[in-house]
Amino acid sequence: MRGVSNLQFFPRYSLLKWEPALSSVAASSQVSVSGSPIENSVVESSAVAASTTIFSLRENAAQYREIFGYGVRYLLYLGTVVIAFYITVPAGRLRLLRFLLCHRSWLSRDSGASGLPRTSSDFEARKKIYLGLTWMLGGRNPKLFSLQDALPLLPVPRLEDTCSRYLRSVRQVLSESDFRRTNAAVLKFLAPGGEGWKLQEKLLASARKQKCWLTDVLDRAWLGERRPLPVHCNWYGVDRADTPRVTQSERVAAIVRGALKFRMLIQTQQLCPLRLAGAVPLCMDQYSHLFGTTRIPGVGHDGVVSNPSSDHIVIIIKGQFYVVNLVHPNGRWLSLVETQSQVQEILDLEEDGSDHQQPLVGMLTSENRAEWARARQALISHSPVNKKSLHDIETALICLTLEGDAPATLDGLARETLLGNPHSRWYDKSIQMMVFKNAVASCTSEQSRVDAAVLSHLFGFMHDVEDCYYNTFQTRGANIPAPPRIPPRKLKWEVPDVVIKAISDAEVHFHALTDDIGMHVSQFPHFGKSFIKELRLSPDAFIQLALQLAYYRSHKKLPYTLELAHTRQFRGGRTEHVRCLSDDTVAFVLAHEQLAPSANETKVHLLVQACAAHAHAVRDAMNGDGCDRHLLALSVLAQNASMDIPMFSDPAFNSTCQLYTAQAPVQRGPGGGLGLPNLNDGVYAVSYLVKDDNLYFHITCRTVPGVSNAVSLGQAIDQALLDMQALCNQHARLSRCFSERALDILG
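Only a predicted model underlies this, so the values are computations on that prediction, with no experimental measurement involved.

Novice: When you look at the sheet that holds strand 11 (residues 489-490) in this model, what are you seeing that I'm missing?
Specialist: Backbone hydrogen bonds hold the strands of a sheet together, and the pairing may be parallel or antiparallel. Reading across from one edge, 11-7-6-8-9-10-1-16 is the order of the 8 strands in this open sheet, with mixed pairing throughout. Lying at the two open borders of the sheet, with one neighbouring strand each, are strand 11 and strand 16 (672-674). Across 4 bridges, the pairing between strand 8 (residues 399-402) and strand 9 (residues 432-435) is parallel. Bridge pairing in strand 9 places C399 opposite Q432. In the packing of helix 16 (residues 452-466) onto the sheet, contacts are made with strand 1 (235-238), strand 9 and strand 10 (441-445), and the angle to strand 10 comes to roughly 155°.

And the structure:
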C-alpha cells in the first residue's frame, strides 16, 4: 500500500522509482530454464506474476496521470477565473500589476544585445509574456497618475552589497596603499554590530514610514547646495534643427500655447504615463511639479514653492520683467493671436526705450545661494513692491526671455543658453525658455524637483505641436490686431543700496566664475545606434568606452567616471549614479592602446566583455541596486547623529569625479548638456544624444591650457569612436573570411 500511496500522490516520479526494481525482478526470474520441471514452473509463474504486477502498476500510473491532468486543468481554469476577476476590478488589477512589477529579474537578464551571454529562447518567451501581461494590466490608454499605486517602492540595498560595489569602483583609481586604507575603513564599517549596521537599521526604519526613502536625502543634497546654480546645477537644451521660419513673437506665442496644452494634459491626466520597454510604467510624480515651480534661496538650505495652476507667465527682456496674464476677466484664455500681440507690445516698448529701466535684479539668481538669500530678504523687508514682484516671478507658469540674434554655432547657442546674459535670467525657475530674434529657441531648468528628462519631454512636445499654430499667423497676414484689454504689466523694484551693491558683486563673481568655462557641441555623423546594435552591443556601453578611451588619450590616465541612470520604475524614484570605471573597462582601454594590431581579436573580446559589464552595472542601478544613493543616505544619517565614521571621512569617499556623463533624452534637436559640478582641472561634464545614424556630444569643462579643453576632448571622442568602429569592422571581415575558408575545406 505504501508503494501505491506514493504512486498516487507522485505518479510521474514514483513510476520512475519503482519500474527499474520491478524490471530487475522480471530479469532475475528468467535467468535459467534448464533446471527441473518444478523449478521451471516456479520461474515461469514468478515471471508471469512480475509481468502482471508491472502491467498493473503502469495501468494505475496512467489513471493517476489522467486524474493529475484533470487537477492541473482545474487549477488553470480556477486561476483564469481569479485573474479575470482581478483584471475587471481596478483595485485588483493594480495589485496584480504591482505583483508583476515587483519581480524585475527580466531587467537583469539579457538576450545577447549588449554583449552578455545569450539567454534561452524559453526565457525570451517568458519575458514577452511578462511584458504583455504588464502592458495589458496597465491598460491601453491609462491616465497619467493611474498607475502610481501599482509601482513598487524603491528598495534599500543590502549593506554588504553596497560596500562591495563601492570597493570595486574605487579599486582602479587608488594606489595600493590608499586602497588598503579604504578597505580597512570599509571592513570596520561592516563589522558585526558596528556603525554601518546601526545606520542601515535607521534607514530601513525610515523607509518603512515613507513612499520613497531617497526623497528626503536628495532634497538635503540638492537644496543644501550653496554654489551658484547656472554653473554647477542646471541643465540646458537647444532647439530642433528645423527652426520654424516665423517671427520672434510668433514663436513665443506658439511655445506658450504648447506649454498650456501640456499643462492641460497633466491636469486632466490625459497624458499617458511613460513605459519602459513599452510596458513597465514609470513614476510620473515629477510632472505635478513641472509648471509654476521655483527654488527659493535660503542661507543654509533652500526651499521650493509650486503653483501649477498659475495663469500668468513672466517675460524678461534686457533685464526688465513683464507679467502677461493668460486669462481674460471673463475667464476666457488668450488666443494664440492675442498672446502674440502681448509679446509684440513688450518688444515694441523695449525698442522704444522711453520706459524707465528697472534695476537688474535677475543678476542675483546667479550668485552664491546664501548671498542671494540675504539679498532677497533685504528686498522683501525694504518694500512691499519688491515682495509683490518676487511673488509674480516665483509663481509664474514659466519664464520666457527675449534675446537678440542667436549665435551662429551650436557651441555659441549652448553657452548663451546656460551662461548667457544673467540680467535676463531667473535661474531658480524649473522652466525657462529663451527665444532669439530669429525665432531660435532653447531652454534651461533647475532640477531639484524636475529631472532633465521631464523638461525634455515638454520641449519635444512643444516641437511636435507648434507647427500647426503657424498657419494661424499665415492666414492672418502681417496685420497685428489691437492689444487686448489687459496689457502686459512691467514689474517694479524699489532697491536699497545694499542690494544694488549685491547686484554689482554678483556680476563680478559671475564673470570670474564663467569666463574660462568652455562649452562644445560636437556632432558625430559617421554612425549611430543602428551600427552599434548590429554588433549586438549596448549603444550606451559602447559610447561610455569611447569616452574612457578619449579621456585616456588626452590625459594619459583613466578617469573616475559617473553616469546618471534613472530609477523611475519605482514610486518616487529619481536618479542613481553608475560608477563606470571597472576592471573590464581598464582592460579594454589599456589593451586597445598598448597591444599590437595583431591582437585585434583580443581587443574585440575585451570590448564585448567591457560592454557586458557596463550594461550589467546600469541594470543594477536602474533596479535600485546602485551604491551612490545608498551611501549618500547613510552619510546623511551619520551627520544628523553626529557620528564620526572613518569610511565617510576617507579621501576615497570624497574623491573628485573627473568625468560626469549622462545620456540625453531623445528629441528632435541636438539634445542638451549639463552644468559642471566641479571646477577642478581636467574635470568634464559630457551629455550625449544617441540617434539612429549620428551622435551628439555636449561637453563642458574649465579651460586650462595644456590640461583641459572641451573642443580637444570632442575631437578625441570622435577619433575613439572611429577607431572602435574600424576595430569591429576588421574583426567582422576576418571572421567572415575564416568562415568562408572553413566552408571551402568542408566542401
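Novice: How should I be thinking about the pairing of strand 18 (residues 695-702) in this particular structure?
Specialist: A regular strand places its side chains on the two faces of the sheet in alternate fashion. Counting buried positions over the 8 residues of strand 18 gives 7, a clear majority of the element. Pairing of strand 12 (residues 517-524) with strand 18, which is carried by 8 bridges, proceeds in the antiparallel orientation. Pairing of M519 across the sheet is with T700, part of strand 18. Taking the residues between adjacent antiparallel strands as the criterion, strand 17 (residues 684-690) and strand 18 are bridged by 4 residues.

Novice: Even after reading the chapter, I still don't get unusual backbone geometry, so can you show me in this structure?
Specialist: The phi torsion of most residues other than glycine is negative, and most of the peptide bonds are trans. Backbone geometry at A439 places phi at a positive 75°, although glycine is not the residue there. Note on placement: A439 falls in the loop between strand 9 and strand 10. By relative accessible area, A439 is classed as buried at 0%. You will see that R536, though not glycine, has its phi angle at about 60°, which is positive. Among the secondary structure elements, R536 is positioned in the loop between helix 19 (529-534) and helix 20 (539-555).

Novice: I tried to follow the nonpolar core on my own but got confused; where do I start?
Specialist: When a protein is soluble and globular, its nonpolar side chains tend to lie buried together. Core analysis: the largest hydrophobic core is formed by 58 residues, its most contacted members being F262, L290, F291, I313 and L400. By residue number, the principal contributor to this core is helix 11 (residues 248-267), which donates 10 residues. For F262, the contacting residues outside a window of four places in its chain are L271, Y287, L290, F291, H457, L458 and F461. One finds L545, V604, M724 and C728 within the second-largest nonpolar core, a separate group that totals 44 residues.

Novice: Would you take a moment to explain the environment of S146 for this structure?
Specialist: Topologically, S146 is positioned in the loop between helix 5 (121-138) and helix 6 (159-170). Under the relative-accessibility criterion, S146 is labelled partly exposed at 30%. Considering only alpha carbons, one finds S146 and C272, 126 residues apart in sequence, at a separation of 9.4 Å. Leaving out residues up to four positions away in the same chain, S146 has contacts with L94 and Q269. One polar contact links the side chain of S146 to the main-chain carbonyl oxygen of K143, over a distance of 2.8 Å.

Novice: How do you make sense of the layout of surface pockets when you look at a structure like this?
Specialist: Which parts of space are left empty comes out when a probe the size of a water molecule is rolled across the atoms. Roughly 470 Å³ of volume is contained in the second largest pocket. Lining the second largest pocket are 22 residues; nearest its centre among them are R165, R168, R579, S582 and A617. Of all elements in the fold, only helix 6, strand 14 (575-579), helix 21 (583-594) and helix 22 (600-622) reach the threshold of two or more residues within the lining of the second largest pocket. Classifying every residue of the lining of the second largest pocket gives 7 nonpolar, 7 polar and 8 charged.

Novice: Which parts of the structure should I look at to understand the packing of aromatic side chains?
Specialist: To describe a pair of aromatic rings, one takes the distance between the centres and the angle between the planes. A full pass over the atoms with the stated rule returns 13 aromatic pairs. Arranged with centres 6.2 Å apart and planes meeting at 65°, the rings of Y166 and F653 form a pair that is edge-to-face. Of this pair, Y166 sits in helix 6 while F653 sits in the loop between helix 24 (646-649) and strand 15 (659-663); the two residues are 487 residues apart in sequence, bridging distant segments of the chain. Between F527 and F531 the ring centres are 4.9 Å apart and the planes differ by 55°, which places this aromatic pair in the tilted class. Taken individually, F527 and F531 each receive the classification buried, so the pair is uniform in this respect. Feature note: the residues Y166, F189, F648 and F653 constitute an aromatic cluster, connected by ring pairs.

Novice: Mind showing me how you'd approach a nonpolar patch on the surface here?
Specialist: On the surface, I129, L133, W135 and M136 cluster together into a nonpolar patch covering about 370 Å² of accessible area. Within the element layout of this structure, M136 appears in helix 5. Exposure remark for M136: the relative accessible area of 40% places this residue in the partly exposed category.

Novice: Is there a simple way to explain the confidence of the model for the chain in this structure?
Specialist: Should pLDDT be low for a region, the predicted coordinates there are not to be read in detail. Looking at the chain, pLDDT values average 84 and 81% of them are 70 or higher. Across residues 1-50, confidence stays below pLDDT 50; counting only partners more than four residues off in sequence or on other chains, it has 31 contacts. Counting contacts from residues 738-747, a segment whose pLDDT is below 50, to residues more than four positions away or on other chains yields 0 contacts.

Novice: Can you walk me through the side chain of Q548 in this structure?
Specialist: Residue placement: Q548 occurs in helix 20. Those residues within four positions of Q548 in sequence are excluded, and the remaining contacts are L558, P559, T561, C580, L581, T585 and V589.

The rules behind each value
- Residues numbered from 1 in each chain as written.
- Predicted model: local features only at pLDDT ≥ 70, side-chain atom pairs only at ≥ 80, totals over all residues.
- Heavy atoms only, no water.
- Pairing = 2+ DSSP bridges.
- Helix = DSSP H or I, 4+ residues; strand = E, 2+ residues; numbered from the N terminus.
- Contact = heavy atoms within 4.5 Å.
- Axes fitted to C-alpha atoms, helices over the stretch in contact; angles between N-to-C directions.
- Buried < 20%, exposed > 50% of the residue type's maximum accessible area, 1.4 Å probe, protein only.
- Core = buried A, V, L, I, M, F, W, Y, C linked by side-chain atoms within 4.5 Å.
- Polar contact = N/O pair within 3.5 Å; in protein donor to acceptor, adjacent residues only side chain to side chain.
- 1 Å grid on protein atoms, 1.4 Å probe; cavity = no way out; pocket = protein on both sides within 12 Å on 5 of 7 lines; lining within 4 Å.
- Points joined across faces, edges and corners; volume = space filled by probe spheres on them.
- Nonpolar A, V, L, I, M, F, W, Y, C, P; charged D, E, K, R; others polar.
- Phe/Tyr/Trp six-rings, centres within 6.5 Å; stacked < 30°, edge-to-face > 60°.
- Patch = residues over 30% accessible without salt bridge, like charges linked within 9 Å, V, L, I, M, F, W, Y side chains within 5 Å.
- Areas by Shrake-Rupley, 256 points an atom, 1.4 Å probe, with all protein chains shown as cover.
- Salt bridge = Lys/Arg side-chain N within 4 Å of Asp/Glu carboxyl O.
- pLDDT = per-residue confidence, 0-100.

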